[in-house]
Each structure stands twice: as structure tokens, then as C-alpha cells.
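Okay, here's what each chain looks like letter by letter:
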Amino acid sequence: MSTLATTGAFAFRTLDPLHDAELLHRWLTHPKAAFWMMQDAKLEDVERAYMEIAADEHQHALLGLQDGVPAFLMEYYDPRHRELVGLYEPLPGDVGMHFLTPATGTPVHGFTRAVITAVMARLFEDPAVERVVVEPDVSNTAVHALNEAVGFVPEREIQKPEKKALLSFCTREQFTAAMAVSA
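Residues numbered from 1 in each chain as written. Predicted model: local features only at pLDDT ≥ 70, side-chain atom pairs only at ≥ 80, totals over all residues. Heavy atoms only, no water.

1. With respect to unusual backbone geometry
Condition: Helix numbering and strand numbering both begin at the N terminus, where a helix is a DSSP run of H or I of at least 4 residues and a strand a DSSP run of E of at least 2. Partly exposed describes any residue whose relative accessible area lies between the buried limit of under 20% and the exposed limit of over 50%, with all areas from a 1.4 Å probe on protein chains only and scaled to the type maximum.
Phi is positive for D67, which is not a glycine, with a value near 55°. With respect to the helices and strands, D67 occurs in the loop between strand 3 (59-66) and strand 4 (69-77). With relative accessibility at 77%, the residue D67 sits in the exposed group. Even without glycine at this site, E83 takes up a positive phi of about 65°. Mapped onto the elements, E83 comes out in the loop between strand 4 and strand 5 (94-100). Using a relative accessible area of 32% as the deciding quantity, one classes E83 as partly exposed.

Written out as C-alpha cells, the structure is:
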């Protein structure tokens, strides 16, 4: 089942693990994507990882499209069942999120902020979503700044199996307020 939805300047479609694997492999193994911890992944590793996500009712992967061309990756998950189990007490309406903008030789000022804004808007289109939770690496200061720009508030550092992470939350109201300030 393919999903295509539009949020702002971007559209979203369900990621196809086999069809999109080569593209994802390029994105995820690039040095810019070091925080995704897939630098040494083979194409088959990427296919397998995204086939697992596609088969999991508690995780989802979407490609963000700009003018019909894949421009970024968005993942979201139920923190009661994935990623953060046992690391915090999820509230009803919580959803976890990851996003990746690929490396480019021609960066566009404001693109990554536009992406995270679209990702957040896409998540909050679901009336059941009340709060978005993220857990980026504590040393990923660039994403911390982006998170803050869209309304995330850091709560505390947590130790995940693969990294020390900054647990942060953004409610629907915090996102709306951040968008009003940036408008």
C-alpha cells in the first residue's frame, strides 16, 4: 500500500525497501549521516533494515519528495514498542521521530529546517498525536538547534544501547507556538 500525502512544499510516500534501497544506501553511508550509525552498511543491510520497518506495525518509513524527487527520509515509531521502551514513560499520543536530509553538493539555506517543519506538520496531521519525542545523539548539536526551532524542549540525557541521547519532547501546542514565532 503506497501512501502519498502533501505537507507544504513536500509530499510524502511510503518507502519501498527494495526499490528505494540504493538511494537510502547512498544517503545513510555518507559521512554526513554518521549519527545514523550505518556508515559501513552494505546495500543488503539497508534493504533488510527497511524491510523490517515495513513489516513492523509500530514503525514507519516515508520518503519526503520535493517536486516528485526523493529529498529526505522520515521515520516515525510508537515509543511504547520501539526505540525508547523502558527509557521513559510514554503518554497517550506520543510518537517518536527521526529524519535525515541527505548530503548535497549544493546546499539550500533553510532546507533542513523546512524539512523538520514539514515532518512535524505531517505527524500532527494525525489528531491522535499529541506529542513528538526525539532521541538524537547528545553530541549532535546541529539537530538540537533544529529541534528547538520547531518547539522541542530537552528533558534529560538517556543511555540507549547504541548512544547517549538527548530525550526531547514537542507538544502540538509547542510546535504551533514555534511556527507562530518563525512566521
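From this point on, the discussion continues.
2. Considering the environment of T104
With respect to the element layout, T104 can be found in the loop between strand 5 and helix 3 (111-124). On the accessibility criterion, T104 (48% relative accessible area) is partly exposed. A C-alpha to C-alpha distance of 9.5 Å links T104 and K32, two positions 72 residues apart in sequence.

3. Regarding the pattern of salt bridges
This is how the line gets drawn: For this analysis, a salt bridge means a side-chain nitrogen from Lys or Arg found within 4 Å of a carboxyl oxygen belonging to Asp or Glu.
Going through the model one piece at a time under the given rule, you end up with eleven salt bridges. Note that R80 and D78 form a salt bridge whose closest N and O atoms lie 2.6 Å from each other. Of the residues examined, R80 reaches a relative accessible area of 54% and is grouped as exposed. E83 is the salt-bridge partner of K160, the closest N and O atoms lying 2.4 Å from each other. Pair noted here: K160 is in the loop between strand 7 (153-159) and strand 8 (164-171) and E83 is in the loop between strand 4 and strand 5, with a separation of 77 residues, a long-range link. Residue classification places K160 among the buried residues on the basis of a relative accessible area of 2%.

4. Section: the environment of F124
Considering the arrangement of structural elements, one finds F124 in helix 3. Here F124 falls in the buried class, since its relative accessible area comes to 8%. Sequence separation of F124 and F175 is 51 residues, and the distance between their C-alpha atoms is 9.1 Å.

5. Observations concerning the packing of helix 1 (residues 21-29) against helix 2 (residues 43-54)
Using the following cut-off: Working convention: axes come from line fits to C-alpha atoms, limited for helices to the stretch in contact. Angles between N-to-C directions cover 0 to 180 degrees. Any angle from 65 to 115 degrees is called roughly perpendicular, while one under 35 is roughly parallel, one over 145 is roughly antiparallel, and all others are oblique. Any pair of residues with heavy atoms lying within 4.5 Å of one another is described as a contacting pair. When residues are grouped by polarity, Ala, Val, Leu, Ile, Met, Phe, Trp, Tyr, Cys and Pro land in nonpolar, Asp, Glu, Lys and Arg in charged, and all others, Gly among them, in polar.
Running from amino to carboxyl end, helix 1 crosses helix 2 at an angle of 110°, the nearest separation of the two axes being 9 Å. Overall, the two elements helix 1 and helix 2 adopt an arrangement that is roughly perpendicular. For the pair helix 1 and helix 2, the contacting residues are A21, E22, L24, H25 and L28 in the first and L43, V46, E47 and Y50 in the second. A class-by-class count of the residues in the contact of helix 1 with helix 2 yields six nonpolar, one polar and two charged.

6. Focus: the confidence of the model for the protein
How we decide: pLDDT measures how confident the predictor is about each residue, on a scale from 0 to 100.
Counting all residues, the mean pLDDT for the protein is 90, and 95% of those residues have values of 70 or more. No element of the protein has a lower mean pLDDT than strand 1 (residues 4-7), which averages 48, and none a higher one than strand 6 (residues 131-134), which averages 97.

7. A look at helix 4 (residues 141-149)
Because an α-helix completes one turn every 3.6 residues, residues spaced three or four positions apart along the sequence face the same direction. The complete set of buried residues in helix 4 reads V143, H144, L146, N147 and A149. Contacts made by the buried residues of helix 4 are with strand 5, helix 3, strand 6, strand 8 and helix 5 (172-182). Just past helix 4, the residue G151 takes up positive phi, approximately 115°.

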